[in-house]
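Understanding the architecture of this molecule
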Amino acid sequence: MNGPWDVFSDCTPDCAAHAVPRVPARVVARRGAVFAHTVRRALTDGTRLADPVRLRGHAAALLDALGIRIEGAAALSAGDGPGTLVVANHISWLDILALLAVEPVTLLAKREVGGWPVVGGLARRAGTHFIDRTNPRRLPDSVRQVTELLGSGRSVAVFPQATTWCTAEQGAFRRATFQAALDAGAPVRPVTLDYTQQGLPSTVAAFCGEDTFAGSLRRVLAARGLTIRVTAHPALTAADGDLDRRELAALAARAVRGGRPSLSPAAASAAVAVRRASAAAAPVPSVPTPATTAPSVRIPSAPAPAPPHSRLPDTPLRDTPAHV
């Protein structure tokens, strides 16, 4: 059921494509069997799955079963004191496993994720906090819960685009959960999730539109050299500036995109087509060197302008759309 303030992505299953040739069928079959065994083993842990060590180990094992490598950040939390609000772009159901494999933070997800095959069961057992986006009146309570989690020292990961897109350049950042960081005095860690195949940008993992979990899983099982690069950018803090959630969201979105502007749907589709053509014609380069976690910095006191692509005007918290 969709709510009146739901976010709809212009990406479709047609956006998902292999950047390099698929692996042989025998490799797909072997990966599928190992993945199913790994899922069963994780689910038998029951409530023990919420243990950070177990959770990180299971997430890493699931990615390994799919033949996926993780590159990048060694940590997502920004240090002692309040927890860190980790904000990342959203491309795939694999995003959840990637973040948990790096650091087992508490996840905040839309209610629908709890019903996803495999990932939903793991998310529930891992202690994920689900929100109902069909009821905007629940938003202040959700923000309060995140504030309390951050204040208790627990880091929370959210996907402020509210839905999935095929590339990191798309989708406006919703602002509600940034208020929780301000209320708790917590740092915000922008994180970019990029998918590559043997060093080439790839959309094969995109889980968009009317795509099904089974269809997405089949593509991922057949993907050759799939790598998820997790880039943790310098943490943002409002300690030295009078920032509101709109300005903080704009700074985080800019960091996640690496200075790249948000693309329109037409431009994004054209960019995907260009990448596919380039991947077919270009030689396969070596895998890039893993990125390292950037140090925490303080943002300047001068406010940053809101991104021009934001679809909704900033409103008081009680009127803010129910997207996190």
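Residues numbered from 1 in each chain as written. Predicted model: local features only at pLDDT ≥ 70, side-chain atom pairs only at ≥ 80, totals over all residues. Heavy atoms only, no water.

**With respect to the overall build of the chain**
Helices and strands together make up the secondary structure of the chain, namely nine helices and eight strands. Split into buried and exposed, the 324 residues of the chain put 52% on the buried side. Taking the intrachain contacts of the chain between residues at least 6 apart in sequence as the baseline, contacts between residues at least 24 apart amount to 84%. A total of about 13,900 Å² of accessible surface is found on the chain, and carbon and sulfur atoms cover 55% of it. (Helix = DSSP H or I, 4+ residues; strand = E, 2+ residues; numbered from the N terminus. Buried < 20%, exposed > 50% of the residue type's maximum accessible area, 1.4 Å probe, protein only. Contact = heavy atoms within 4.5 Å. Areas by Shrake-Rupley, 256 points an atom, 1.4 Å probe, with all protein chains shown as cover.)

**Focus: the nonpolar core**
In terms of nonpolar packing, the biggest core is built from 55 residues, with Leu-66, Trp-93, Leu-94 and Val-191 touching the most fellow members. No other element matches helix α3 (residues 94-102), which puts eight residues into this core. Aside from chain neighbours lying at most four places away, what touches Leu-66 is Arg-31, Phe-35, Trp-93, Leu-94, Leu-217, Val-220 and Leu-221. Listed in part, the 27 residues of the second largest apolar core include Val-87, Ile-131, Val-158 and Phe-173. (Core = buried A, V, L, I, M, F, W, Y, C linked by side-chain atoms within 4.5 Å.)

**Examining the packing of aromatic side chains**
Applying the stated rule across the entire model yields one aromatic pair. When the ring of Trp-93 is compared with that of Phe-213, the centres are 4.7 Å apart and the planes differ by 55 degrees; the resulting orientation is tilted. Residue Trp-93 is located in the loop between β2 (85-88) and α3, and its partner Phe-213 is located in helix α7 (residues 213-222); the two are separated by 120 residues in the primary sequence. (Phe/Tyr/Trp six-rings, centres within 6.5 Å; stacked < 30°, edge-to-face > 60°.)

**Points about α7**
Judged by how many residues are buried, α7 sits mostly within the fold: eight of ten residues are covered. The set of residues buried in α7 consists of Phe-213, Gly-215, Ser-216, Leu-217, Arg-219, Val-220, Leu-221 and Ala-222. Check the buried side of α7 and you find it contacts α1 (25-43), α3, α4 (119-125) and β8 (226-232).

**Quick notes on the environment of Leu-49**
By the element assignment, Leu-49 lies in the loop between α1 and α2 (52-65). According to the relative accessible area criterion, Leu-49 is buried, its value standing at 1%. Placed 78 residues apart in sequence, Leu-49 and Gly-127 show a C-alpha to C-alpha distance of 8.6 Å. Leaving out residues up to four positions away in the same chain, Leu-49 has contacts with Ala-42, Leu-55, His-58, Leu-122, Arg-125 and Ala-126.

**Thoughts on the environment of Glu-210**
Position of Glu-210 relative to the elements: it lies in the loop between β7 (200-201) and α7. A C-alpha to C-alpha distance of 9.5 Å links Glu-210 and Cys-11, two positions 199 residues apart in sequence.

**Points about unusual backbone geometry**
You will see that Gln-198, though not glycine, has its phi angle at about 50 degrees, which is positive. Exposure remark for Gln-198: the relative accessible area of 26% places this residue in the partly exposed category.

**Quick word on the side chain of Thr-192**
Mapped onto the secondary structure, Thr-192 falls in strand β6 (residues 188-197). For Thr-192, a relative accessible area of 4% translates into the label buried. For Thr-192, the side chain forms a polar contact with the main-chain oxygen of Val-256, separated by 2.5 Å. (Polar contact = N/O pair within 3.5 Å; in protein donor to acceptor, adjacent residues only side chain to side chain.)

**Thoughts on the environment of Arg-41**
Within the secondary structure, Arg-41 is located in helix α1. Given the relative accessible area of 43%, Arg-41 is considered partly exposed. In the structure, Arg-41 is positioned 17 residues away from His-58 in sequence and 8.5 Å away in space, judged by C-alpha atoms. Once residues lying within four places of it in the same chain are set aside, the contact partners of Arg-41 are His-58 and Ala-61.

Bear in mind that shape data such as this cannot, by itself, settle questions of function.
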